[in-house]
Amino acid sequence: MFLQKVYVLDMRAQQLLRPLACRSLATSHPRAEIKAAAEEEFRTLEIGRKKRERFTAKTFKPATMLPPRYKQQKTDQDWGSVWPAARTFHPATVPFPVRQGYPASGQPTPDKWANAELMKIPNFLHLTPPVIKRQCEALKKFCTPWPAGLETTAKQEKHFPVTVSKSSYLHSSPTIRDPKARIVTLKVHLRSLDLDYHGRDKLLRLVGERYDADTDCLTLVADRCPLSQQNYDYCQYLLTVLYNESMKTEPWEHEKELVDLEKYVWEGSPSQAAAQNVVTARGINDAEELLKEYGQVVTDLHNEGEDEATVLRYQESVMKLLGLTDPQDTATASEPKYIQGEVC
Amino acid sequence: MMAPSARRAVLLLRGLAGRHGGCGAALGQRCVSAEAAQAPLPRPLAPRTSLTSPVEHTAEQRGLWYTLQPGVVQRLFSQGGVPKQFLTQCQTFAETCLMVRQPSLTLMDFIRRSDLSLPPNKFLLYGRNGCGKTLSLVHATHFLADTDWLLVHVPWAPKWRRNFKEVAPSATIEGQYDHPLDAVLWLQHFKTQNAELLKTLQLVTQERYIWSRREVTEPDTPLGELVELGIGRARYSTDCVLALTSELKRHATEGRCKVAVVVDGINTFYSPVSRYRCEDRTLLDPKYFTLFQSFMQLFKSDWKNGIVVGSIDSLANEGWRRDSHLPRYLLRQQGWEALDPFIPIPIEDYDDLEMRSAIDYYLDRHWLQNPQAGSDIGRRELAALSAHNPYLLMQVCRPL
């Protein structure tokens, strides 16, 4: 009878009926208690953390997005109007697919969408050839015609051998100036300067690294004065001084020794003496040709640098000098090397 | 003579035999690929030649292996001259075999055709590391020994500059330095190499050498006794070497003998630095070594009946002067002026014929255990791994 009464009572009332100590220990969830009472006689004691329900973050669906802009662009649109000035890369406006960046493991190269690499670097989408042409056409009215008589590079070099270049800078900051604006570069080809052999050699020794042998160009850079005008004057002065000093021969230049020579000279060298000895010992009467050829080969070996070809020529020349050439024995001269890739 | 199959393989590669004349290599490929799928490859015999003396070697023997008799190796190379790793390999194979290659044949041809009445011709071998300069010199030394040349052989010259046993200031010549123990070893080497010739030639000293108050070598003493004196008295050994070389030079000029100077690492003579520290803590220039001077006098062109054969090795130079393998760079200006004019003989890597021959030799000696080593693919792999370099091939084949 008593038990039946318990069934009927409300959960809250049941809780109140339970002694205080039991109330704190037992589960307070009403449903769990109903279940326990319905199914088992004993309440279950749960030890340990309850499994929390995982709360999934509320997904905010964005408002329906418009398709990217390039889908509405025609293929024959005027690109100069779309991208009129230098601008950070914008993937929706640029109509072609482009990928940039180091791919993550197993992934393709990152595409253009939200690509920081593409956005960081400068792009020249504002300078496509038609746009450049248009800008040139617009600038033409401010230009004067190209001077007659200066059509080719050769003519330009003949009349204007010296090239002076400087950069100007404009900042949009509290200071509009830039200290790099004082740098002046002067370039001139040595063939435009009227130098003899000694003058050229002396000039090359004076300028050192400022001469580029591949382009035959002397570059003087001046940045020691605060104003570019002063640096330009200094460059002019420097070129004048270099030229005049190279044309002079100082008395101490006659003390030039063998080690100071800029290139190998065979005449008077121990090599010539040795070759002469060989020729004398062999008793060859007219050995002029032989010695001349030998001298040329040794000079080439030293001046042009030593490589397999020059060493081979030297070998042939010495063989002739020592009289060891044999028409059949050309194996050393044209020894065929192994052909790469063939089965051995 | 070598087995017919091996000879045919060699001739096929040269394009001299074969059904269609020139495409011998292609023929070989077809044959091998047909068999490879079926059975393990037959072990090829090493292409050998039975001519044990280099005097008889001609272009016909190119690519073939000839055996050096143990007596020859003992007599000529007991103190070096053959690379150590190669020597170990020969001990493993229980034979000392050398491949006949073109540079050696050219060198021997030059030596045969040299006019001995003129100042000595100089032939210097050069090439990249591991191409076979030292072994070509070994071949040439054997040839010189068999053709009754008196050998003045320096097995590895940098040893006296870098790894000398002892250097002491010279007692006789002011400002110069001796190698007491190294000179003794070299005199023993000279004696072993030229024992027979010294007996037959019966050369005698022509000058009087005063070693100390009691020890004097009178003129007309056999050179053998001079050598024995140097071996016995380390104190005078370097001066003995100098005396010996001077005497030999004089005898050669007067036509009593022909002297061959063979130096491995000749560019080390013109190096500016050695390992010996003087009293003022500077490193000594090797030009003050009496031992070096004894041999450098033989490189001059003021004697006859002689020949100078050497190798220009980048390993003979100091570590910072090894960028190129070419002679002018390694010899430096001083060496060039001393040795010019000389004939530089290039030593290249293996070509196809030599590569095949080398792998056949390793297979014959059961050195290559991998069953695929002799196959087409295997050979190609070995060639690729070793880049056709003989030394690298030896290294690559070691664990196989």
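See above for the structure.
As the structure is a computational prediction, the values presented were derived from the model and not from experiment.

1. Points about the overall build of chain A
Next, step 1: Per the secondary structure count, chain A includes 13 helices and 4 strands.
Next, step 2: The 344 residues of chain A split such that 24% are buried.
Next, step 3: Of the contacts formed within chain A by residues at least 6 apart in sequence, a portion of 48% connects residues at least 24 apart.
Next, step 4: Element-wise, carbon and sulfur atoms account for 58% of the exposed surface of chain A, whose accessible area totals about 26600 Å².

2. As for the overall build of chain B
Next, step 1: For chain B, the helix and strand inventory stands at 15 helices and 11 strands.
Next, step 2: The buried share of chain B, taken over its 400 residues, is 56%.
Next, step 3: Counted over contacts in chain B with a minimum sequence separation of 6, partners at least 24 positions apart contribute 73%.
Next, step 4: Total accessible area on chain B is roughly 17000 Å²; 52% of this is exposed by carbon and sulfur atoms.

3. With respect to the side chain of Thr-49 of chain B
All names here are of chain B.
Next, step 1: Locating Thr-49 in the fold gives a position in the loop between helix H2 (24-36) and strand E1 (65-68).
Next, step 2: A polar atom in the side chain of Thr-49 sits 3.3 Å from the backbone nitrogen of Leu-51.
Next, step 3: Those residues in contact with Thr-49 that lie beyond four places of it in its chain are Gln-61, Leu-64, Trp-65 and Tyr-66.

4. A few points about the sheet that holds strand E2 (residues 184-189) of chain A
Residue and element names in this part refer to chain A.
Next, step 1: If you walk across this open sheet you meet the 4 strands as E1-E2-E4-E3, and the pairing is antiparallel. Two strands close off the open sheet at either side, each with one partner strand: strand E1 (162-166) and strand E3 (211-212).
Next, step 2: Pairing between E1 and E2: 5 bridges, direction antiparallel. Following the sheet pairing, Thr-163 is matched in E2 by Lys-187.

5. Concerning the interface of chain B and chain A
In many analyses, interface size is given as the accessible surface area lost on bringing the parts together.
Next, step 1: Contact residues are listed per partner, giving 41 residues for chain B and 33 residues for chain A.
Next, step 2: Here chain B packs against chain A, burying approximately 3300 Å² in sum over the two surfaces, 63% of which is carbon and sulfur.
Next, step 3: There are 0 salt bridges connecting chain B and chain A.
Next, step 4: Taken together, chain B and chain A are joined by 10 residue pairs in polar contact (both at pLDDT 80 or more).
Next, step 5: Mapped by element, the contributors of at least two residues to the side of chain B that touches chain A are helix H5 (102-113), strand E3 (121-127), helix H12 (327-339), strand E11 (343-347), helix H13 (352-364) and helix H14 (376-386) of chain B.

6. A word on helix H4 (residues 84-93) of chain B
Residues and elements named next belong to chain B.
Next, step 1: By the burial criterion, the buried members of H4 are Phe-86, Gln-89, Cys-90 and Phe-93. Burial along H4 is one-sided: seen end-on, the buried residues are contained in an arc of 100°. Of the residues in H4, the exposed ones pointing more than 90 degrees away from the buried face are Lys-84 and Gln-91.
Next, step 2: Of the surrounding secondary structure, the elements contacted by the buried residues of H4 are strand E2 (96-99), helix H6 (133-146), H13 and helix H15 (390-397).
Next, step 3: With its phi angle positive at about 65°, Ala-94 sits one or two positions after the end of H4.

7. Here we look at the packing of helix H11 (residues 270-282) of chain A against helix H12 (residues 288-303) of chain A
Residue and element names in this part refer to chain A.
Next, step 1: Where H11 contacts H12, the two axes come as close as 11 Å, and the packing angle between them is 150°. The angle between the axes of H11 and H12 places the two elements in the roughly antiparallel class. Classified by chirality, the crossing of H12 by H11 is right-handed. Seen from H11, the contacting residues are Ser-271, Ala-275, Gln-276 and Val-279; seen from H12, they are Leu-291, Tyr-294 and Val-298.
Next, step 2: Across the contact of H11 with H12, the residue classes tally to 5 nonpolar, 2 polar and no charged.

8. Details of the packing of aromatic side chains
Next, step 1: As enumerated under the stated definition, the model contains 24 aromatic pairs over all chains in all.
Next, step 2: Pairing Tyr-314 of chain A with Phe-342 of chain B gives two aromatic rings, centres 5.5 Å apart and planes at 65°, and the pair type is edge-to-face. Of this pair, Tyr-314 of chain A sits in helix H13 (residues 308-322) while Phe-342 of chain B sits in the loop between H12 and E11, each in a different chain. Taken individually, Tyr-314 of chain A and Phe-342 of chain B each receive the classification buried, so the pair is uniform in this respect.
Next, step 3: The interplanar angle of 70° and the centroid separation of 6.4 Å between the aromatic rings of Phe-164 of chain B and Tyr-276 of chain B together place this pair among those described as edge-to-face. Of this pair, Phe-164 of chain B sits in the loop between helix H7 (158-162) and strand E5 (168-169) while Tyr-276 of chain B sits in the loop between strand E9 (259-264) and helix H11 (290-296), and the two are 112 residues apart along the sequence.
Next, step 4: Here a set of aromatic residues connected by ring pairs shows up, and it is made of Trp-266, Tyr-294 and Tyr-314 of chain A together with Trp-336 and Phe-342 of chain B.
Next, step 5: The ring of Trp-83 of chain A has Arg-87 of chain A sitting right over it, with the charged end atom 5.2 Å from the ring centre.

What counts as what
Residues numbered from 1 in each chain as written. Chains lettered and ligands numbered in written order. Predicted model: local features only at pLDDT ≥ 70, side-chain atom pairs only at ≥ 80, totals over all residues. Heavy atoms only, no water. Helix = DSSP H or I, 4+ residues; strand = E, 2+ residues; numbered from the N terminus. Buried < 20%, exposed > 50% of the residue type's maximum accessible area, 1.4 Å probe, protein only. Contact = heavy atoms within 4.5 Å. Areas by Shrake-Rupley, 256 points an atom, 1.4 Å probe, with all protein chains shown as cover. Polar contact = N/O pair within 3.5 Å; in protein donor to acceptor, adjacent residues only side chain to side chain. Pairing = 2+ DSSP bridges. Buried area = accessible area lost by both parts, 1.4 Å probe. Salt bridge = Lys/Arg side-chain N within 4 Å of Asp/Glu carboxyl O. Arc of directions from axis to C-beta. Axes fitted to C-alpha atoms, helices over the stretch in contact; angles between N-to-C directions. Parallel < 35°, antiparallel > 145°, perpendicular 65-115°, else oblique. Left-handed = near helix turned anticlockwise from the far one by under 90°. Nonpolar A, V, L, I, M, F, W, Y, C, P; charged D, E, K, R; others polar. Phe/Tyr/Trp six-rings, centres within 6.5 Å; stacked < 30°, edge-to-face > 60°. Lys NZ or Arg CZ within 6 Å of the ring centre and 35° of its normal.

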